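Residue-level structural notes
Each chain, written out:
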Amino acid sequence: MRGNRRKRPGRGGMSEYVTFEESTSADGEAPRDGDTPPAPPADGSEAASGDDAPPRDRRNEPYDEAPTGGPRGPRGEGPAGWLPYAPATPPYPAEDDDGGPAEAPSEVTRPDLFGHDTAAGGERSATGPRQTIRPRETTGPHTTAGSRESTGPRERPAVSAGLGTAGAGIRPPDPWDLGPGGMEHERAARRRRIRALTGLVAGVTVVVLLVGVAVYALSGKPECGGSPIALNVAAAPEVAPAIVEITRTFNKEHHSIDGRCVQAGVQAADPAGVARTLSGAVPAPGTARPDVWIPDSSIWLAMAHVSSGAAEGGPAPLSVARTPVVVATTRSLATAMAAQKVPLSWDTLLRSVASPSSGTGGKAGISAKSVRLQILDPASQAAGIGTVVMTRVLLQRDPNALSVFGRLVQDVRKNVSPTTQALLAGMARNQDGRAPVLIAPEQAVWKYNHATTAPAAVLYPREGVLSLDYPFAVTTGDRTRAGATTLLAQAMNTGQARAAVQALGFRTPDGRPGRDFAAGGLNTQVPRALPTPSADDVTQAMQVWSKLSLTARALCVLDVSGSMAEPVRGGVSRLQATAKIGTSALATLPDDTDVGLWTFSTRLDGSRDYRVDVPIGPLSTRSGSGTRRQAINHVLGRIRPKPDGDTGLYDTVLAAVRSLRTTYKQGYYNNVLLLTDGRNDDPSGISLKELRRTLAKENDPDKPVPVLAIGFGPSVDMRTMQSIAEETNGAAYHAMDSSDVQRILQEIIDQRICSTRKCR
């Protein structure tokens, strides 16, 4: 008797086999070892039969011979040239949801024709617990083929899909009992059995193919109908590919709510644009209001007035991915810092960059002029916002925090980047011999390092880092749709979802990176986290940035009265010292700064007390034969006091404020910078009372023009200066010598973020 298998298509694209037994031919061919009936027990007891028979475990038995002959391979390998019984993938995941090796099940299972799991040699009833299929036994040792009986229920032929025992449940006929009629009778009976089993094979094949379609509906998600619920998901562009992959699987699983299928579509959308849409501002082109929003940071939720808590009927708050904001620089600079044992901290880095000197920043070991700090634009990038917030928080206990932060912003505002691609492109540029130091998301650096032959070095400051948390935020107000988002949220918290974000260089919400993370030159350890800033911290930091990052528009009004000829330390006059400081300050201003220069005394230009030496405008634009910067430097270099001139202070201040308000530029920090050494002594001009009354009357909250006054020398009237500054929401400063002016100019920059009383 020979064991034969016939192959047919099975579920999931896998071949299935029906196993049956065939008697030997009449030529007396010896039976094969595998066909020999089992010997009676050694203890002389009779073989068990029916439901008392023990189950036979064939999982570790070798393959039967292939239908065409040939060698038999061990289970799991199969005969040469044949598909193995076992599928290419195990019946359990290679990894669990946490990324670790999954524990193999204690019993190999497979779905039967009705979608129920059956173990090798066993069966799960549709209405009861797992039952064990026991081999059929005859009532005697030699029962003929025509008179076989079983004490147990009739078993159906087993169909092997590679996970169960081949032929389980079919009793092999006795190869030695030919029954009445001898060999000819057996030949006829054999032909009838072959035809019957062939028909059975075809029938079972059709059933498997037909029922296989229904197995998904029975063992997977319930079918749904009606109009589907289409969820619109807006995701940050860098994480959108992973969200697309997750939702593709989600859509194939036919999730439903209230009998309606739930489908999700993903749109890559800039978080700043979505925030404007949700906050009621003018939406960005092509940005629709989403049902689910996955920005790069929860910072956007507060700015768009979107709750980070659970929506009514929606899921609890969760994070889809995480990536810390780190420091990226050249490997040569990182090596030099390590060689000099430079402390790797935010304090070291920020103070070095903000140092006004040309040397090193204290203990930093980094030359303030040897590095170029670049960040993402806080106006449109959460990592840029986080950088500003982090800096403010870290400087909270520093008594000079305002000045340090102001200098830092003034330096950085010239080097902000609109996108991570633009930011990291600066890694390859060595501008003015300065090494780039970038504050960027770790995932962006991972992506950059995988695409370049000169990867960046990544530094993790010891104080800790802030992270972008990619929240799953429900933005729909519809309760049914909010309930549908709960199903989608569950899909975002699976092993597949975690693997999808890790494949893009993100960490999982709990900080774990992917397997090839170290290949990108990144630290696989979970970095230390800085305390999460409060909503107030974010608001205050952004207000400060908004004011400090405004392009300056300053009208400088310089006193050239006779008293400015008084000598000061260094053998120069007050006017010469002031002009020198002005030239130095001008060199630090970017080209897009608007600057104008007036000088004043009494009757300096006909009947006017002031003269327009250089009209206000951008420093880079043309003025006369050169640029405006060159024109101002030229005037400062040849300026001289008017020997018999007095100080026409009040008329000049009023004219300067009116001029700036008339030419006011929105989005700029419009201000009058006044430098004088005395008091108003123009008897033909207006009085202080008239000046204040006129300034108050003409004040326009939409066009503020503060007066920032610097009084130079011991004879200056500081009370009058403070009175004028208060009326315009400006500030007044007293400089006793030229060394004070450098400090005061920086404080004037800081004046943008505080009131007059706080800055005096």
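The paragraphs below set out a description of the structure included in this document. (Residues numbered from 1 in each chain as written. Predicted model: local features only at pLDDT ≥ 70, side-chain atom pairs only at ≥ 80, totals over all residues. Heavy atoms only, no water.)

1. Some thoughts on the pairing of strand S24 (residues 608–618)
Across 7 bridges, the pairing between strand S23 (residues 594–605) and S24 is antiparallel. Among the inter-strand pairings, Asp-605 is bridged to a residue of S24, identified as Arg-608. The antiparallel pairing of S23 with S24 creates a hairpin that spans 2 residues between the two strands, and Gly-606 there sits at a positive phi of about 70°. (Pairing = 2+ DSSP bridges. Helix = DSSP H or I, 4+ residues; strand = E, 2+ residues; numbered from the N terminus.)

2. Digging into unusual backbone geometry
Phi at Tyr-470 takes a positive value of approximately 45°, unusual for a residue other than glycine. With respect to the helices and strands, the residue Tyr-470 is situated in the loop between strand S18 (467–468) and strand S19 (471–474). By relative accessible area, Tyr-470 is classed as buried at 1%. Phi is positive for Arg-603, close to 45°, though the residue is something other than glycine. For Arg-603, the position within the fold is in strand S23. The class for Arg-603 is exposed, based on a relative accessible area of 53%. (Buried < 20%, exposed > 50% of the residue type's maximum accessible area, 1.4 Å probe, protein only.)

3. Some remarks on the sheet that holds strand S28 (residues 707–712)
Sheet architecture is open: 6 strands sit in the order S24-S23-S20-S27-S28-S29, paired in mixed fashion. Where the open sheet ends on each side, the last strands, each with one partner, are S24 and strand S29 (731–735). When the angles between neighbouring strand axes are averaged without regard to direction, this sheet yields 15°. Across 5 bridges, the pairing between S28 and S29 is parallel. Looking at S29, one finds that Leu-708 is bridged to Ala-731. Its contacts with the sheet place helix H14 (residues 574–587) against strand S20 (551–559), S23, strand S27 (668–676) and S28, and it is angled at close to 170° to S20. Most of the contacts of helix H15 (residues 628–638) go to S24, to which it runs at about 150°, and overall it touches S20, S23 and S24. (Axes fitted to C-alpha atoms, helices over the stretch in contact; angles between N-to-C directions. Contact = heavy atoms within 4.5 Å.)

4. Considerations on the packing of aromatic side chains
Per the stated rule, a full pass over the model turns up 2 aromatic pairs. On the basis of an interplanar angle of 80° and a centroid distance of 5.0 Å, the ring pair of Tyr-470 and Phe-506 is categorised as edge-to-face. Placement of Tyr-470 in the loop between S18 and S19 and of Phe-506 in the loop between helix H12 (495–502) and helix H13 (535–548) is noted, with a sequence separation of 36 residues between them. Under the relative-accessibility criterion, Phe-506 is labelled buried at 0%. Arranged with centres 4.7 Å apart and planes meeting at 10°, the rings of Trp-598 and Tyr-610 form a pair that is stacked. Separated by 12 residues along the polypeptide, Trp-598 in strand S23 and Tyr-610 in strand S24 bring together distant segments of the chain. Using a relative accessible area of 15% as the deciding quantity, one classes Tyr-610 as buried. The residue whose ring lies beneath Arg-392 is Phe-405, and the NZ or CZ to ring-centre distance is 5.6 Å. The positively charged end of Lys-665 is found above the aromatic ring belonging to Tyr-668, 4.9 Å away from the centroid. (Phe/Tyr/Trp six-rings, centres within 6.5 Å; stacked < 30°, edge-to-face > 60°. Lys NZ or Arg CZ within 6 Å of the ring centre and 35° of its normal.)

5. Thoughts on the pattern of salt bridges
One pass over the structure, following the stated rule, counts 12 salt bridges. Between Arg-608 and Asp-605 there is a salt bridge, with its nearest N and O atoms 2.8 Å apart. Overall, Asp-605 belongs to the partly exposed group, its relative accessible area being 34%. The salt bridge involving Arg-658 is made with Glu-698; its shortest N-O contact spans 2.8 Å. Taken together, the residues Arg-658 in helix H16 (residues 649–662) and Glu-698 in the loop between helix H17 (688–697) and S28 connect sequence positions 40 residues apart. On the accessibility criterion, Arg-658 (38% relative accessible area) is partly exposed. For Glu-698, a relative accessible area of 31% corresponds to the partly exposed category. In this structure, a network of salt bridges that share partners links the residues Arg-553, Asp-594 and Lys-665. (Salt bridge = Lys/Arg side-chain N within 4 Å of Asp/Glu carboxyl O.)

6. Focus: H15
Every buried residue belonging to H15 is among Arg-628, Arg-629, Ala-631, Ile-632, Val-635 and Leu-636, and all of these are buried. Angular distribution of buried residues about the axis of H15 spans 165°; they occupy a single face of the element. Opposite the packed face of H15, turned more than 90 degrees from it, sit the exposed residues Gly-637 and Arg-638. Where H15 is buried, its residues contact S20, H14, S23, S24, strand S25 (622–623) and strand S26 (626–627). (Arc of directions from axis to C-beta.)

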